[in-house]
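Each chain is listed here by its residues.
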Amino acid sequence: MKLTIVGGGGFRVPLVYGALLGKAERLGLEEVVLHDVDADRLARIGAVLDGLAEERGGRLPFRSTTDLDDALEGTDYVFCAIRSGRLEGRVVDEQVPLALGVLGQETTGPGGICFALRTIPEMVALAEAMAARAPGAWLINFTNPAGMVTEAVQEVLGERAIGVCDSPSGLCRRVARALGRDRHELAFDYFGLNHLGWLKGVRDHDGEVLPGLLADDAALAGFEEGRLFGGEWLRTLAMVPNEYLYFFYYGRETVAAIRESAAPRGAFLLEQQAAFYAAGGQPPAEALAAWQATRHDRERTYMAEARSAAGDAGEHEIEENAGYEAEAMAVLEAMVLNTRSVLILNTANRSSLPGLDARAVVEVPSVVGRAGPQPLAVGEVPAHAAALVAQMKDVERATIEAALTGSRAAAVRALALHPLVPSVTTARAILDGYVERLPALAAFR
Ligand code: G6P
Ligand code: MN
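Just so it is clear, the model here is predicted, and its values are computed rather than measured. (Residues numbered from 1 in each chain as written. Chains lettered and ligands numbered in written order. Predicted model: local features only at pLDDT ≥ 70, side-chain atom pairs only at ≥ 80, totals over all residues. Heavy atoms only, no water.)

**Observations regarding the overall build of the protein chain**
Filter applied, for reference: A run of H or I in DSSP becomes a helix once it reaches four residues, and a run of E becomes a strand once it reaches two; helices and strands are each numbered from the N terminus. Put simply, the radius of gyration uses C-alpha atoms, and a globule should come to 2.2 Å times the residue count raised to 0.38. Only protein chains enter the calculation, and the probe is 1.4 Å; a residue is then buried if its accessible area is under 20% of its type maximum, exposed if over 50%, and partly exposed in between. Under the convention used here, a 1.4 Å probe and the Shrake-Rupley method define accessible areas, while residue burial counts only the protein chains that appear.
Scanning the protein chain from N- to C-terminus turns up 21 helices and 13 strands. Over its C-alpha atoms the protein chain spans a radius of gyration of 21 Å, differing by no more than 12% from the 22 Å that the globule rule assigns to 445 residues. Classification of the 445 residues of the protein chain by burial places 58% in the buried group. Counting only carbon and sulfur atoms, one obtains 51% of the accessible surface of the protein chain, whose full area is about 17,400 Å².

So, in structure tokens, the structure goes:
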């Protein structure tokens, strides 16, 4: 089996490689190819992977290339996490709306729309290259905004494109821990779109266990989403939202917290990542140590603005062998070994989530085996969540249309219909701000 990692010079690639080290044999993995457009970044990450293999004593040969056709030729699975416009682009995505008093965030709000406008054409080109070079391959996509990107590339790859995010499984893991339960004994009724989902139920052998957790303020204070949203609001919803919903429910507070912070997230990351990549040429052990330190600082400050808005002085808890890399492995294992595990993935709705058409990409629990994900029926969902999902799906589709056609009208429609953008005039001003600073968006002038 051949696995290609597109965005192979990306910062999270060592997590994936580390997880693969222990599983390569069982998965029948023979070749790992890292592709990136930037040879220096590939070399830097390659040294970290060598450091990991030395430390763990595992052996999983990999090679690096800047030739996409070579990377894709005859591959079986493609993991993809690319950042079109790099972190410099993310800084602009966040700064432009913030200057107008609107949320500036990687994936939620105008930032996610702008990020998608740059990313979708590149991802569709990747999907077309896959269709030509490796027609049977599956795309396991981490590229953000993952929901929109997955829906756009499904036009080319059909349901062989799967979108993955670590936030729903992270929520389920934290809820299981707050309940003092093994998460494998529980069923999680999660539904929504990427970065816009809710956990509406948790069941064990004897029935529903979520109401008990929601009634227990001490248990709620023990995990991140509990502290973010607060017991009173969680009991009102009778669900636990994905952490990204903080930006919807507490929009004004987050904007204020970001404006008060030393730097928005993108600007902070640009600086710390630039320092890591600039120190290229280090031997493997040193490259690994530098990566670990940078990763630690990145993860402990994850969602810091939301926590600060919520008055939570804590840090994000760093978990090993969980999160990002665990999700990537779970999908690969489920498919290769046909385990038929239930994973929360971005996949075509079929008839899972009521109120959306069959082709809409949704984020729902799916049974995963050789044939890919099979979404489970979600059942009834509260009206306000269904309405927000429907509105955001419309925004996503306007964004995809704009990205693929270069239509300014579609881009304005996407921004103006976003619930966090307060007026059409503001939407136009945001688009103009993006166009001015991002050459890639010249079509939208
Ligand atoms: C989580 C989300 C990803 C997102 C990342 C941002 O893992 O699920 O979709 O890209 O956080 O983290 P960052 O460190 O870049 O702010
Ligand atoms: Mn995500």
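**Considering the pattern of salt bridges**
Operational definition: What counts as a salt bridge is simple: a side-chain nitrogen of Lys or Arg found within 4 Å of a carboxyl oxygen of Asp or Glu.
Tallied over the full model, the rule gives 32 salt bridges. Arg 359 is the salt-bridge partner of Glu 155, the closest N and O atoms lying 3.0 Å from each other. Of the two residues, Glu 155 sits in helix 7 (residues 146–157) while Arg 359 sits in the loop between strand 11 (341–348) and strand 12 (361–369), which places them 204 residues apart along the sequence. Across the pair Asp 432 and Arg 408 runs a salt bridge whose closest N-O atoms are separated by 3.0 Å. Of this pair, Asp 432 sits in helix 21 (residues 424–437) while Arg 408 sits in helix 20 (residues 408–417), and the two are 24 residues apart along the sequence. When its relative accessible area of 35% is taken as the criterion, Asp 432 is described as partly exposed.

**Regarding the site of ligand 1**
To keep things clear, this is the line we draw: We call a residue near a molecule or strand as soon as one heavy atom of that residue lies within 4 Å of the molecule or strand. In the analysis that follows, any N or O atom pair within 3.5 Å is treated as a polar contact, provided that within protein one partner can donate a hydrogen and the other can accept it, and provided that, for residues neighboring in sequence, both atoms belong to side chains. When residues are grouped by polarity, Ala, Val, Leu, Ile, Met, Phe, Trp, Tyr, Cys and Pro land in nonpolar, Asp, Glu, Lys and Arg in charged, and all others, Gly among them, in polar.
In the region of ligand 1, the neighbouring residues are Arg 12, Arg 90, Glu 106, Asn 144, Cys 165, Asp 166, His 195, Tyr 244, Arg 265, Leu 269, Arg 298 and Tyr 302. Residue Arg 90 places a side-chain N or O atom 2.8 Å away from an oxygen atom belonging to ligand 1. Considering ligand 1 on its own, with 390 Å² of exposed area, one finds that the protein chains cover 92% of that surface. For the shell around ligand 1, the per-class residue count stands at 4 nonpolar, 2 polar and 6 charged.

**A short note on the environment of Leu 196**
What counts, and what does not: Contacts: residue pairs with any heavy atoms within 4.5 Å of one another.
Mapped onto the secondary structure, Leu 196 falls in strand 8 (residues 196–204). With relative accessibility at 3%, the residue Leu 196 sits in the buried group. Once you skip the residues sitting within four places of it in the chain, Leu 196 turns out to touch Phe 191, Leu 245, Phe 248, Leu 388, Val 389 and Met 392.

**Comments concerning the coordination of the manganese ion (ligand 2)**
Ideal geometry at a metal centre: 109.5 degrees between donors when four sit tetrahedrally, and 90 or 180 degrees when six sit octahedrally. In plain terms, the rule: We call an atom a donor if it is N, O or S and sits within 2.8 Å of the metal, or 3.2 Å for Na, K and Ca. Water is not counted, so some sites may look partial.
Donor atoms from the polypeptide that coordinate the manganese ion (ligand 2) comprise Cys 165 (SG) and His 195 (NE2), at 2.3 Å from the metal. Here His 195 lies in the loop between strand 7 (187–193) and strand 8 and Cys 165 lies in the loop between strand 6 (161–163) and helix 8 (167–178), a separation of 30 residues in the sequence. The exposure classification of Cys 165 matches that of His 195, with both residues buried.

**Thoughts on the packing of aromatic side chains**
Defined as follows: Centres within 6.5 Å make a pair out of two Phe, Tyr or Trp rings, where for Trp the six-membered ring is used; the pair is then stacked when the planes are under 30 degrees apart, edge-to-face when over 60, and tilted otherwise. Put simply, a charge is over a ring when the Lys NZ or the Arg CZ is close to the ring centre, within 6 Å, and near the line of the ring normal, within 35 degrees.
Taken as a whole, this structure holds 12 aromatic pairs when the rule is applied. Note on Phe 79 and Phe 142: the rings are 6.3 Å apart at their centroids and 85° apart in plane angle, and the pair reads as edge-to-face. In this pair, Phe 79 sits in strand 4 (residues 77–80) while Phe 142 sits in the loop between strand 5 (138–141) and helix 7, placing the two residues 63 residues apart along the sequence. Owing to a relative accessible area of 8%, Phe 142 belongs among the buried residues under this scheme. Geometrically, the ring pair formed by Phe 276 and Tyr 277 is edge-to-face, given 4.9 Å between the ring centres and 75° between the ring planes. Counting every residue linked through ring pairs, the aromatic cluster contains Phe 229, Trp 233, Tyr 246, Tyr 249 and Tyr 250. Over the aromatic face of Tyr 277 sits the side chain of Arg 41, whose NZ or CZ is 4.0 Å from the ring centroid.

**Remarks on the nonpolar core**
Basically, it comes down to this: To qualify as a nonpolar core, a set must consist of buried Ala, Val, Leu, Ile, Met, Phe, Trp, Tyr and Cys residues joined through side-chain atoms within 4.5 Å.
The biggest cluster of nonpolar side chains holds 98 residues, and the ones touching the most others in it are Ile 120, Leu 139, Leu 196, Trp 198 and Leu 199. Grouped together as the second largest cluster of nonpolar side chains are 48 residues, Leu 15, Leu 42, Phe 79 and Phe 142 included.

**Examining the packing of helix 6 (residues 110–133) against helix 7**
What counts is decided by this rule: Here an axis means a line fitted to C-alpha atoms, over the contact stretch when the element is a helix, while the angle between two N-to-C directions is reported on a 0 to 180 degree scale. Every angle not falling under 35 degrees, over 145, or within 65 to 115 is termed oblique; those three ranges are roughly parallel, roughly antiparallel and roughly perpendicular. A crossing counts as left-handed when the near helix is turned anticlockwise from the far one by less than a right angle, and as right-handed when that turn is clockwise.
Between helix 6 and helix 7, the least distance of the axes is 9 Å, while the angle of their chain directions is 25°. As the angle between them shows, helix 6 and helix 7 are arranged roughly parallel. Crossing angle aside, the handedness with which helix 6 passes helix 7 is right-handed. Together, Gly 112, Ala 116, Thr 119, Ile 120, Met 123, Val 124, Ala 127, Glu 128, Met 130 and Ala 131 of helix 6 and Met 148, Val 149, Ala 152, Val 153, Val 156 and Leu 157 of helix 7 make up the contact between the two elements.

**Focus: the environment of Val 342**
Secondary-structure assignment places Val 342 in strand 11. For Val 342, a relative accessible area of 52% puts it in the exposed group. With 62 residues separating them in the primary sequence, Val 342 and Leu 404 have C-alpha atoms 33 Å apart. When sequence neighbours within four positions are dropped, the list of residues in contact with Val 342 reads Pro 365, Ser 366, Val 367 and Leu 376.

**Re the packing of helix 7 against helix 19 (residues 383–405)**
Orientation of helix 7 relative to helix 19, taken along the N-to-C sense of each, is 55°, at an axis distance of 10 Å. Here helix 7 lies oblique to helix 19, going by the angle between them. Crossing hand, helix 7 versus helix 19: right-handed. Of the residues in helix 19, those touching helix 7 at Gly 147, Met 148, Glu 151 and Ala 152 are Lys 393, Glu 396, Arg 397, Thr 399 and Ile 400. Class assignment for the residues of the contact of helix 7 with helix 19 results in 3 nonpolar, 2 polar and 4 charged.

**A look at the state of the cysteines**
Simply put, disulfide is the name for a covalent bond between the sulfur atoms of two cysteines. Rules: Note on disulfides: each one is a pair of cysteine sulfur atoms within 2.5 Å.
By the definition in use, this model includes 0 disulfides. With no disulfide partner, Cys 114 has as its closest neighbouring cysteine sulfur the one in Cys 80, 19 Å distant. Here Cys 114 falls in the buried class, since its relative accessible area comes to 1%. There is no disulfide at Cys 172, and the cysteine sulfur nearest it, in Cys 165, is 11 Å away. What makes Cys 172 buried here is its relative accessible area of 6%.

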